[in-house]
Amino acid sequence: MTKHLLLGQTIGFTGNPLLGDWPDAVRYEQRGALCIIDGRIAAVGAADALRAAHQDANVTDYGNGLISAGFVDAHMHYPQTGIVASWGKQLIDWLNTYTFPEESRFGDPAYAADVAARTLDLALDHGTTTLTSFCTIHPASVDAFFTAAAARNMAVVAGKTCMDRNAPDTLRDTAQTAYDDSKALLEKWHGVGRAQYAITPRFSPTSTPDQLAALGALWAEHPDCLMQTHLSEQLSEIAWVRDLFPAARDYLDTYETFGLLGARGLYGHAIHLEPREVDRLAEIDAAVVHCPTSNTFIGSGLFDLMRLAQASLRIGLATDTGGGSSFSMLRTMAAAYEIGQLRGIALHPAQLLWLATEGSARALHMGGQIGHLGVGAMADIVVLDLASTPAIAQRSARAEDIWDALFPTIMMGDDRAVRDVWVAGKRR
Ligand code: GUN
Ligand code: ZN
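In this text, all values refer to a predicted model and were calculated from it rather than measured experimentally.

Chemist: What exactly am I supposed to notice about the overall build of the chain here?
Modeler: Per the secondary structure count, the chain includes 15 helices and 16 strands. In terms of C-alpha radius of gyration, the chain reaches 21 Å, essentially the compact-globule figure of 22 Å for 428 residues. Expressed as lengths along the three principal axes of its C-alpha atoms, the size of the chain is roughly 65 × 45 × 40 Å. Scored against the burial criterion, the 428 residues of the chain give a buried share of 61%.

Shown next, in the form of structure tokens:
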């Protein structure tokens, strides 16, 4: 048995601060402790009490460091790491100019392995302990990602991105090969160690109805898998979907018709939704994923967080790199705050931190297992330095409570704010 005691300020959640009275949903200790036994959280509480109860533990004292569940990125594209922050395009032009040429390189297993390792290390540097990633059409890109994640013992979700139209020859599969490859990869990886497979049609414009139907059939055969895709990100994309699927009631209908609407579905962006789409997503208990740095970077629009939270949708938070412009979930929380302000609401730091941990974990149907600072969860932990730069330090020095101390790090922090990371109970 390995037993660790981490001392510092601890912060976690017992409820959803987006709904109801948020202070009741927060569990904070100024002089707190976390006990980890064999990779899982065994206790969270006051430092003195846990020290007395666990005298045999290895102790790491982080002083004023803030101990939180590690961040959970609910939507990103590891093959786009090399083209992050590419200038001057909106969605469709950005895909054609930057993304598709880069993704074409991932048939090379050595290149895929290199980028997968780099991406996972960048994520850990930024305090992100779970990534949910699109791969490319190449099965080798999926093997590379799951292999690199297993080497780091990280809980990840990923799948082969399927496209059989409106993409270059180098990136097109077919309805049948998408089904066959996805099935083989799912059987190889789903539930192996900490890996979860997500069936992954890129988005309706790059799949024929036959391919969408084949992937819908695969999901029906494997309903315990997640399914990830994109939904209603940009207005020009929605107009294109309308042209390609004239019989569809709306964008969501292009998935629903082919068996790709379900509770374990992750719908990235979901910005410009029709009332029917919101109602249907809520009825099904599906998840939408907010990607705020991407939405501003490629000019998509303002996600309506409160409308969707009030409709009781599961909502995750994500970087969407490389459409997103940062690997940092702190920067992502800051962008969510900024988009909230543009919609007339000020998200509380508790709500932002909840989205980046518990909210994303719930979207992935892994609530209580990851993104959670509570007994029984895997010990995927980030320890934040709330005075990581001179600018942040001079601001947090005058903070009157933990939220006032945390907010400058959310707004101005980056990987320098990440003091330590633990993955499945092991210090990185
Ligand atoms: N829609 C379809 N593919 C993509 C992608 O790679 N990134 C983003 N942001 N949107 C998409
Ligand atoms: Zn995406």
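Continuing now.
Chemist: Where do I start with the side chain of Asp-380 in this structure?
Modeler: Among the structural elements, Asp-380 can be located in the loop between α13 (349–363) and β14 (381–384). By relative accessible area, which is 2% here, Asp-380 ends up buried. Here the side chain of Asp-380 touches Arg-194 through a polar contact of 2.8 Å, side chain to side chain. Within the structure, Asp-380 has its side chain in polar contact with the backbone nitrogen of Ala-424 (distance 2.8 Å). When sequence neighbours within four positions are dropped, the list of residues in contact with Asp-380 reads Ser-68, Ala-69, Gly-70, Thr-129, Thr-130, Arg-194, Ile-370, Trp-422, Val-423 and Ala-424.

Chemist: In this structure, what is going on with the site of ligand 1? I would like to understand it.
Modeler: The immediate surroundings of ligand 1 are formed by 13 residues, with His-77, Gln-80, Arg-202, Glu-233 and Asp-320 found nearest. The element best represented in the shell around ligand 1 is helix α2 (residues 91–103), accounting for three residues. Class assignment of the residues belonging to the shell around ligand 1 gives a composition of five nonpolar, five polar and three charged.

Chemist: What is the right way to read the environment of Leu-186 from this model?
Modeler: Relative to the helices and strands, Leu-186 resides in helix α5 (residues 175–189). Of the residues examined, Leu-186 reaches a relative accessible area of 3% and is grouped as buried. Sequence separation of Leu-186 and Met-411 is 225 residues, and the distance between their C-alpha atoms is 38 Å. Setting aside its immediate chain neighbours within four residues, Leu-186 contacts Tyr-197, Ile-199, Leu-218, His-222 and Cys-225.

Chemist: What is the right way to read the coordination of the zinc ion (ligand 2) from this model?
Modeler: Coordination angles at a metal have ideal targets, namely 109.5 degrees for four tetrahedral donors and 90 or 180 degrees for six octahedral donors. At 2.0 to 2.5 Å from the zinc ion (ligand 2) lie its protein donor atoms, namely His-75 (NE2), His-77 (NE2), His-230 (NE2) and Asp-320 (OD). Geometry at the zinc ion (ligand 2) is irregular, judged from its four donor atoms and the angles of 90 to 160 degrees they form at the metal. In the primary sequence, the donor residues of the zinc ion (ligand 2) line up as H-x1-H-x152-H-x89-D. Here His-77 is found in strand β5 (residues 71–77), whereas its partner Asp-320 is found in the loop between β13 (314–317) and α12 (329–342), with 243 residues between them in sequence. Asp-320 carries the same exposure label as His-77, and that label is buried.

Chemist: For this particular structure, what's the right way to read unusual backbone geometry?
Modeler: In terms of backbone geometry, most residues other than glycine have negative phi values and most peptide bonds are trans. The omega angle of the peptide bond from Thr-321 to Gly-322 is -5 degrees, so this bond is cis rather than trans. On the secondary structure map, Gly-322 appears in the loop between β13 and α12. In this structure, His-365 takes a positive phi of about 60 degrees despite not being glycine. Structurally, the position occupied by His-365 is in the loop between α13 and β14. In the Ramachandran plot, Ala-424 falls in the positive-phi region, its phi being about 50 degrees despite a non-glycine side chain. Mapping Ala-424 onto the fold places it in the loop between β15 (418–423) and β16 (426–427).

Chemist: Please explain the packing of α12 against helix α15 (residues 402–412) as it appears in this structure.
Modeler: What describes two packed helices is the angle between their axes and the distance between those same axes. At a closest axis distance of 6 Å, the pairing of α12 and α15 adopts a crossing angle of 95 degrees. Put simply, α12 runs roughly perpendicular to α15. Contacts from Leu-330, Arg-331, Met-333, Ala-334, Tyr-337 and Glu-338 of α12 reach α15 at Phe-407, Thr-409, Ile-410 and Met-411. Taken together, the residues that form the contact of α12 with α15 break down as seven nonpolar, one polar and two charged.

Chemist: Sorry, what's going on with helix α6 (residues 209–221) here?
Modeler: The α-helix advances 3.6 residues per turn, and as a result positions three or four apart in sequence lie on the same side. In this model, α6 (13 residues) spans 18 Å end to end at C-alpha, consistent with the 18 Å of a helix rising 1.5 Å per residue. Those residues of α6 that fall on the buried side of the exposure criterion are Gln-211, Leu-212, Ala-214, Leu-215, Gly-216, Leu-218 and Trp-219. Its buried side turned inward, α6 meets β8 (161–162), α5, β9 (195–201), β10 (226–231), α8 (251–256) and β11 (265–269).

Chemist: Is there a simple way to think about the pairing of strand β3 (residues 40–46) in this case?
Modeler: A regular strand places its side chains on the two faces of the sheet in alternate fashion. Note: strand β2 (residues 26–37) against β3, six bridges, orientation antiparallel. Note on β3: the bridge partner recorded for Ile-37 is Arg-40.

Rules behind the numbers
- The written sequence of each chain sets the order in which its residues are numbered from 1.
- For naming, the first written chain is A and the first written ligand is 1, with later ones following in the order written.
- At least 70 in pLDDT is required for a residue's local features to be given in this predicted model, at least 80 for side-chain atom pairs to be given and counted, and no such filter applies to totals for whole chains, interfaces and linings, which use all residues.
- Calculated side-chain values reflect all of the structure's heavy atoms, with hydrogen atoms and water omitted.
- Numbering of helices and strands runs from the N terminus; a helix is a DSSP stretch of H or I covering at least four residues, while a strand is a stretch of E covering at least two.
- Computation of the radius of gyration draws on C-alpha atoms alone. For the globule rule, the value is 2.2 Å times the number of residues to the power 0.38.
- Summary of the burial criterion: residues with accessible area below 20% of their type's maximum are buried, those above 50% are exposed, and those between are partly exposed, where the area comes from a 1.4 Å probe applied to protein chains only.
- As used in this structure description, the phrase polar contact means that two N or O atoms lie within 3.5 Å; if the pair is within protein, one of them must be able to donate a hydrogen and the other to accept it, and residues adjacent in sequence are counted only when both atoms belong to side chains.
- By definition, residues are in contact when any of their heavy atoms lie within 4.5 Å.
- Near residues are defined by distance, with any heavy atom within 4 Å of the molecule or strand qualifying the residue.
- Polar here means any residue outside two lists: the nonpolar Ala, Val, Leu, Ile, Met, Phe, Trp, Tyr, Cys and Pro, and the charged Asp, Glu, Lys and Arg; Gly therefore counts as polar.
- Coordinating N, O and S atoms are those within 2.8 Å of the metal (3.2 Å for Na, K and Ca), and as water is not part of the atoms, a site may appear to have fewer donors than expected.
- A four-donor site is classed as tetrahedral when every donor-metal-donor angle falls between 85 and 135 degrees; four donors are called square planar, and six octahedral, when trans pairs exceed 155 degrees and all remaining angles lie between 65 and 115, with any other arrangement labelled irregular.
- Axis lines are fitted through C-alpha atoms, for helices just across the contact stretch, and the angle between N-to-C directions can take any value from 0 to 180 degrees.
- Oblique is the label for every angle not falling under 35 degrees (roughly parallel), over 145 degrees (roughly antiparallel), or within 65 to 115 degrees (roughly perpendicular).
- Each residue after the first adds 1.5 Å to the expected span of a helix.
- Think of it this way: DSSP has to see at least two bridges between two strands before they count as a pair.

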